[in-house]
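Results of the structural survey
The residues making up each chain are set out below.
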Amino acid sequence: MNRKLKQSIYFGLFRVSGWAVVAAIAVLIGYLLFYGIGAINWEFLTQAPRVGMSKGGIFPQLLGTIYLMALVLIISIPIGILSAVYLVEYQKNKFMKGVWRVVVHNLAGVPSVVYGLLGLGLFVLLLDMGASLIAAGLTLSILVLPIIIASTREALIAIPPSLREASIALGATKWQTVRHHILPYAMPGILTGVILSLSRAAGETAPIILVGAAYYMPGLPDSLFSAFQALPYHIYALATQTRVALTGQSLYGSALVLLMLVVGMNLVAIMLRNKYRKKYRW
Amino acid sequence: MDLLTHFILLIIAGISFLVLVLVFYTLISNALPSFINFGNNEVTDLWNFLTGDIWRPNSDIYGILPLVLGTLLVSLAASLIAIPIGIGCTIYISEIAHPKVRGILKPAIEILAGIPSVVYGLFGLLILSPYIRDIFGVGSGTNALNGAIMLAIMMIPIMVSLSEDAINAVPRSLREASYALGANRWETMRSIVLPAALSGIVAAIILSIGRAVGETMVVLMCTGNSPQVTGNILDSVQAMTSAIAIDVGEVAGGSLHYHVLFAIGMILFLFTLAINMIADLIAARYSEAYR
Amino acid sequence: MDRKIMYAAIAVIAVVIIAGLAVGLGSNNNAQNKTNVTEIGSDTMLELMQMCAEDFNAESTTVSVSITGGGSGVGITKLIQGETDVAQASRAMTSAEAQNASTHGVEAVEFKVAIDGIAIITNGANTVTTLTLDQLANIYNGTYTNWNQVGGPDLAIVLYGRQPTSGTYQYFEEVVLKKGKTGASEYSSTMKQQTGNQQILSQVEQDPGAIGYVGVGYAKQGEGSVDVLNIQKNDTSIAYNALDENAVLNQSYSLSRYLYLYTNGVPTGAVKDWIAYVLSTDGGQRIVTDAGFYPLPSAVQQEMISKLG
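Before going into details, it helps to say that this report is about the structure given with it.

For chain C, the count of helices and strands is 12 helices and 12 strands. Buried residues in chain C amount to 56% of all 309 residues. Sequence separation of 24 or more characterises 72% of the internal contacts of chain C that already satisfy a separation of 6 or more. About 11,600 Å² of surface is accessible on chain C, with carbon and sulfur atoms providing 53% of the total.

Moving on, we get to the pairing of strand E2 (residues 63-68) of chain C. All names here are of chain C. With respect to burial, E2 is a largely interior element, 6 of its 6 residues being buried. Residues Val63, Val65 and Ile67 of E2 are buried on one face, and the alternating residues Ser64, Ser66 and Thr68, pointing to the opposite face, are buried as well. Across 6 bridges, the pairing between strand E1 (residues 35-41) and E2 is parallel. Its bridge partner lying in E2, Thr35 is registered against Val63.

Bringing the sheet that holds strand E5 (residues 130-132) of chain C into the picture now. Residue and element names in this part refer to chain C. The sheet built from 3 strands is open, its strands ordered E5-E10-E11 with mixed pairing. Every other strand in the sheet has two partners, leaving E5 and strand E11 (240-241) as the edge strands with one partner each. Of the pairings in the sheet, the one linking strand E10 (residues 230-232) to E11 comprises 2 bridges and is antiparallel in character. Within E11, the position partnered with Asn230 by the bridge is Asn241. In the packing of helix H5 (residues 133-140) onto the sheet, the strands contacted are E5 and E10, and the crossing angle to E5 comes to about 85°.

By a widespread convention, an interface's size corresponds to the accessible area lost as its parts come together. Counting residues at the interface gives 76 residues for chain B and 74 residues for chain A. For the chain B face of the interface with chain A, the top three residues by lost area are Leu9, Leu20 and Trp186 of chain B, together amounting to 10%. Between Arg3 of chain A and Glu187 of chain B there is a salt bridge, with the nearest N and O atoms lying 2.7 Å from each other. Linking chain B with chain A are 10 residue pairs in polar contact (both at pLDDT 80 or more). When residues of the side of chain B that touches chain A are assigned to their parent elements, the largest contribution, 17 residues, is made by helix H1 (residues 2-40) of chain B. Residue composition of the side of chain B that touches chain A, by class: 55 nonpolar, 15 polar and 6 charged.

Listed per partner, the contact involves 29 residues of chain C and 25 residues of chain B. For the pair chain C and chain B, the summed buried surface comes to about 2,100 Å²; carbon and sulfur atoms form 45% of the total. When residues of chain C are sorted by the area they lose upon contact with chain B, Ser189, Lys192 and Gln193 of chain C head the list and together hold 23% of the total. The tally of links between chain C and chain B comes to 2 salt bridges. Among the salt bridges present, the one from Asp207 of chain C reaches Arg133 of chain B, with a minimum N-O distance of 2.5 Å. Connecting chain C to chain B are 13 residue pairs in polar contact (both at pLDDT 80 or more). Those elements that place two or more of their residues in the side of chain C that touches chain B are helix H3 (72-80), strand E6 (158-162), helix H6 (167-175), strand E7 (192-194) and helix H7 (197-206) of chain C. Ranked by the residues each element gives to the side of chain C that touches chain B, the list is headed by H3 of chain C, at 4 residues.

Counting residues in hydrophobic clusters, the biggest one holds 264 residues, and the most contacted among them are Ile264 of chain B together with Ile120, Leu136, Tyr140, Ile211 and Trp274 of chain C. It is helix H3 (residues 59-90) of chain A that provides the largest number of residues to this core, a total of 16 residues. Counting residues in each nonpolar core, the second largest holds 10 residues, with Leu79, Ala101, Val106 and Tyr260 of chain C among its members.

All names here are of chain C. Burial analysis of strand E8 (residues 210-215) places 6 of its 6 residues in the buried class, the great majority of the element. As paired elements, strand E4 (residues 108-123) and E8 share 5 bridges and run antiparallel to each other. Within E8, the position partnered with Ile118 by the bridge is Gly215. Pairing geometry for E6 and E8, over 2 bridges, is parallel.

The next thing to look at is empty space enclosed by the protein. Per the stated rule, a full pass over the model turns up 4 cavities of 30 Å³ or more. For the largest cavity, the calculated volume is near 70 Å³. Along its surface, the largest cavity is lined by 13 residues, and Leu220 and Asn225 of chain B together with Gln193, Gln194 and Gln199 of chain C are the ones closest to its centre. For the lining of the largest cavity, the secondary structure elements donating two or more residues are helix H10 (231-241) of chain A, helix H9 (217-222) of chain B together with E7 of chain C.

Quick look at unusual backbone geometry now. All names here are of chain B. Look at Asn225: it is not a glycine, yet its phi comes out positive at around 55°. Mapped onto the elements, Asn225 comes out in the loop between H9 and helix H10 (240-247). Judged by its relative accessible area of 4%, Asn225 falls in the buried class.

On to the packing of H3 of chain A against helix H6 (residues 133-157) of chain A. Residue and element names in this part refer to chain A. Running from N to C, H3 and H6 cross one another at 35°; their axes reach a closest spacing of 7 Å. Classified by chirality, the crossing of H6 by H3 is right-handed. Along the lines of polarity and charge, the residues of the contact of H3 with H6 split into 23 nonpolar, 6 polar and 2 charged.

The rules we used
The written sequence of each chain sets the order in which its residues are numbered from 1. Numbering of ligands from 1 and lettering of chains from A proceed in the order in which they are written. Local features are withheld for residues below a pLDDT of 70 in this predicted model, meaning they are given only at 70 or higher, and side-chain atom pairs are given and counted only at 80 or more; totals for whole chains, interfaces and linings count all residues. Values shown for side chains rest on all heavy atoms present in the structure; no hydrogens or waters enter the calculation. Each helix corresponds to a stretch of at least 4 residues labelled H or I by DSSP, and each strand to a stretch of at least 2 residues labelled E; elements are numbered beginning at the N terminus. Throughout, exposure labels follow a simple rule: accessible area from a 1.4 Å probe, protein chains only, divided by the maximum for the residue type, with under 20% read as buried, over 50% as exposed, and the rest as partly exposed. Two residues qualify as a contact provided that any one of their heavy atoms is within 4.5 Å of a heavy atom in the partner residue. Working definition of accessibility: Shrake-Rupley area with a 1.4 Å probe, residue cover restricted to the visible protein chains. At least two bridges found by DSSP between two strands is the condition for calling them paired. Working convention: axes come from line fits to C-alpha atoms, limited for helices to the stretch in contact. Angles between N-to-C directions cover 0 to 180 degrees. Take the accessible area each of two parts loses on contact, using a 1.4 Å probe, and add the two losses: that sum is the buried area. Each reported salt bridge corresponds to a side-chain nitrogen of Lys or Arg within 4 Å of a carboxyl oxygen of Asp or Glu. Contacts described as polar in this section are N or O atom pairs within 3.5 Å, which, within protein, must combine one atom able to donate a hydrogen with one able to accept it, while residues neighboring in sequence count only if both atoms come from side chains. Polar here means any residue outside two lists: the nonpolar Ala, Val, Leu, Ile, Met, Phe, Trp, Tyr, Cys and Pro, and the charged Asp, Glu, Lys and Arg; Gly therefore counts as polar. We call a set of buried Ala, Val, Leu, Ile, Met, Phe, Trp, Tyr and Cys residues a nonpolar core when their side-chain atoms join them within 4.5 Å. Points on a 1 Å grid, built from protein atoms alone, make a cavity when a 1.4 Å probe fits but cannot get out and make a pocket when they are open with protein on both sides within 12 Å along at least 5 of 7 lines; residues with an atom within 4 Å of a point are the lining residues. Grid points are joined across faces, edges and corners, and a volume is the space filled by probe spheres set on the points. In this scheme the handedness of a crossing depends on how the near helix is turned from the far one: anticlockwise by less than a right angle means left-handed, clockwise means right-handed.

Structure below.
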């Protein structure tokens, strides 16, 4: 066969598969927009559901998801970032470094339903927190911890040793070096990881099912130990336990809101990363 | 001051390390009683647990074979769909597409990677399944194929971003040498670039299969949840992850059922661990080959 | 410098979260001085109890109720563990559960709150109108796989049922599949386990060969697109339908059952207010009808109210 023809056949196939993926995204998002966009308005975002979830909005669910993100932000992100700083900048022992790397790397790939089991066994039952906001927040925090440590680690490693050596040579202490010369440059990379892990926390469903999100509750959670609702569980519950003909508006509306929230955060993270990749070339 | 910060950081790192180790510990400590109980249980024992073909928790019969096979059937079918498209897409993005097109495609695929799995599940359950029923003329559209298609769409972005790294890592000089010898772009790709990147691509495929095996919402919502032993892609099946998610509510009392679900969780955990390590071993080969 | 973007991103995240917290805490004040009652359990009763809770929460100035599903077994387990104030169940407590309760020092008090007939539904296009209990058992245990084996069209049967934690799953297993009795059989492993009545209903609406079991309230919502089958005890007995209120109330329909609430001890205070509302003629019992179930006969209703003391 003609070499050129062969090349164009193969390239054609690759092109088709590339655009097939784009088509899949377009269809998926298109359907959600088509069914969901009509539902979204100010009341939908600020009111509680009524009449068996068929009327009203998704405010308690949306707020629950924001609470969970806030908990992850407070609990997991400082711990994750500082652990990575310790790991990269302070830990000298090669063996310990290796152990850390293996643990973090492998835990990042563990299925989220397993973290859900952990949350149920440890927080809900053993520590007797019940199906509460804090139990879910802690579960999601553990779920994203390996992701934050790994991304922070990468951001720190990307900074050339010469920067550290220069700072130390000028008489700065280790912490001054980290504080003034390492963290500022690593910040965009760290922030990318933070945003990605927050969006992961917002979108995870299985752990929240296992910890026990509420289907319906009056008012809003008033303490860390009260029951909670969350957007992903709302979508699951509406899709499987209600009459979609009646609740479809709330269902597709919620899916669209969750999608916009998560995709929006991911976009910010991607833009941030691309910008910083261009900026610093060592 | 410096010592103090060092100390504080050490403690924080210690905490997070402990937390991560706690994941192993909780899993194991909750899964172990089931293995111990199996010995004393007339209904089932460890061998029956692993190979029994009946999963009927209500009657205390726990054979996880239907669940394991359900997971494998769906993930395998998803891989068969995702691998050619994913690899094709990777090659298109990294080697063929115009930089401007690439600038659109890459973020688009990264967006796809960020879509929460419950949204994929929703789509499969409500929108795709009627088409599957009508096109294949089966009784119901919530079956292994429905789950596999949605899983494939979820796997592709992971596969693309990982295998793209592998292709990009192949040094420019290799390609240039091939062009200089008169090979065209396809020939260079087939006989130089792809073989060089092969281990990285294989690692990417393995990792995305690992992701498919661990995925919960898509299989829970799309595959129909029948814990039966079947090889037919148009039958409905129940995966390990869906069994955990569906049954977990009732098991609070530390019952056998509760521990069995943790045992399934542990199997999933070990499986993903193995997948990760295999992928690492394969990927390590290629990173050593081209420094 | 791209610190700008960075700070902007931090600012956006911070603003969203702080705004969320502020709005949440702000709008929380009105709910704060109410006593919260939690109720967990049956998915069959989820819509019913949620509608009751919505009305009750709107009326009551002192109590608010939250409802969670999961299945009857979940509710009873959580009641025994002290994790919920009230359990909703579509089946009576089993002896094992009762024993477990007493070892945990929980005195479970039972309230019947409504009557349900489990409706056997098929797709509107299916011509089968009546099944005997035996035929139904043989369909669900996988002996019959085609509708022509019970006098219907040549069409494969697609089984829909509930997940094992569901009270309806267990009730059906006992009454139709005769679990623990002579002639017992098991659910076919091809049955698609759905986590809610509504999901069964919508799948049966779509799939021509489908059969499913749901609470009668759900079957009514599907009128027009699904058929509710008549059920005979045996070949010679009269066939009754779940939509026939009298047949369900006097139990001549084979799959009639009570729906229950369980509390730990005779309820007092907020829990008592809530149970009283569910049992009241103008409150819960009216909503029972709205939700498609059957209200308690007045004798049973009085008996239940008197249990409240």
